[in-house]
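# Observations on the three-dimensional arrangement
Spelled out from the first residue to the last, the chains are:
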Amino acid sequence: FTLSNLSTSITATSSEQTIKRAGAFAGATAEYKDRYIIDGTFRYDGSSLFGSGNRWAPFGRVSGVWRLSEEPFFHVPHLSDFRLRASHGTAGNSPRFDAQYETYNCSATGCQLGQAGNPLLKPETTAETEVGTDLTLFDRLGLVFTFVDSKTKNQILPAPTPTSFGDRK
C-alpha cells in the first residue's frame, strides 16, 4: 500500500497472521457430609504459536475445603463459619506470533530480519499453590486469610536477534 497522494508523511503497513487454537476442558466437584469438599479441573490446550513438538499442553487444578464449623465437635460461640482451604493449579500463556515465527522488515532498500523466532517454543506455565482460612463472625463479619506461592517456568520473553543473522536496521 502507498499513500503518495497525501501532503503529510504517513507510512502504510500491513501484516497477516494465522493462529489456530483448540482445547478441551473437564471438571468435577464432590461434597461429603456438607463439610468435606474437593474440586478439580483439567484443561488440554493446543496452539499453533508453540513449537511443533510442543503444540499441546495440559493444565489442571485441585482444591479442597474442610468446613470445621460443620463438625459435631465444633462449638465456638459467635464463630458461625470456619473453613480451611487449599488449592494447587497450573495455567499457561500463549506467546506473540513473532516469538516462534521469523518476521522481516521490508523497505525500499531491502528486507532485514526483524525477529528470529524460536521454533522449539514451549508454553509458558505458571503453577500456583494457595492455602487459607475463611471465618464468619456473628453471621455478619467475614475474615479471609490467604497465602499464595506462584512460580512461572518457560517464561516467554523477547530476545535480541544475534548479529550473526544479518543487519537489523
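You'll find the structure just up there.
Residues numbered from 1 in each chain as written. Predicted model: local features only at pLDDT ≥ 70, side-chain atom pairs only at ≥ 80, totals over all residues. Heavy atoms only, no water.

## Remarks on the overall build of the protein
Note the cut-off: Segments assigned H or I by DSSP are reported as helices when at least four residues long, segments assigned E as strands when at least two residues long, and all are numbered from the N terminus. Accessibility here uses a 1.4 Å probe with only protein chains present; expressed as a share of the type maximum, an area under 20% marks a residue as buried, one over 50% as exposed, and anything in between as partly exposed. All accessibility values rest on the Shrake-Rupley procedure with a 1.4 Å probe; residue burial counts only the protein chains present in the view.
Of regular secondary structure, the protein possesses 0 helices and 8 strands. For the protein, the succession of helices and strands along the chain, N to C, is β-β-β-β-β-β-β-β. The buried share of the protein, reckoned over its 169 residues, is 24%. When the accessible surface of the protein is summed, it comes to about 12,000 Å², and 57% of that surface belongs to carbon and sulfur atoms.

## Examining the sheet that holds strand E1 (residues 21-32)
This is how the line gets drawn: We treat two strands as partners when DSSP finds at least two bridges between them. Every axis in this analysis is a line fitted to C-alpha atoms, fitted for helices over the stretch in contact. Angles between the N-to-C directions lie between 0 and 180 degrees.
The strand order across the open sheet formed by 6 strands is E1-E2-E3-E4-E7-E8, and the pairing between neighbours is antiparallel. The outermost strands of the open sheet, each flanked by one partner alone, are E1 and strand E8 (141-153). With direction set aside, neighbouring strand axes in the sheet form an average angle of 10°. Across 11 bridges, strand E2 (residues 36-47) lies against strand E3 (residues 56-67) in antiparallel orientation. Along E3, the bridge assignment pairs Thr41 with Arg61.

## Digging into the packing of aromatic side chains
So the rule is basically this: Each aromatic pair joins two rings of Phe, Tyr and Trp (for Trp, the six-membered one) with centres within 6.5 Å, and gets the label stacked for planes under 30 degrees apart, edge-to-face for over 60, and tilted for any other angle.
Under the criterion given, the structure shown has 4 aromatic pairs. Taken together, a centroid distance of 6.2 Å and an interplanar angle of 20° make the contact between Tyr32 and Tyr36 stacked. When its relative accessible area of 33% is taken as the criterion, Tyr36 is described as partly exposed. Centroid distance Phe74 to Phe82: 6.0 Å. Interplanar angle 20°. Geometry classified as stacked.

## So, the pattern of salt bridges
Going by this rule: Whenever Lys or Arg places a side-chain nitrogen within 4 Å of a carboxyl oxygen from Asp or Glu, that contact is recorded as a salt bridge.
According to the stated counting rule, one finds 9 salt bridges in the structure shown. A salt bridge links Arg61 to Asp39, with the nearest nitrogen and oxygen atoms 2.7 Å apart. Placement of Arg61 in strand E3 and of Asp39 in strand E2 is noted, with a sequence separation of 22 residues between them. For Arg61, a relative accessible area of 33% gives the class partly exposed.

Honestly, that's just the spatial picture; any functional story needs more than this.
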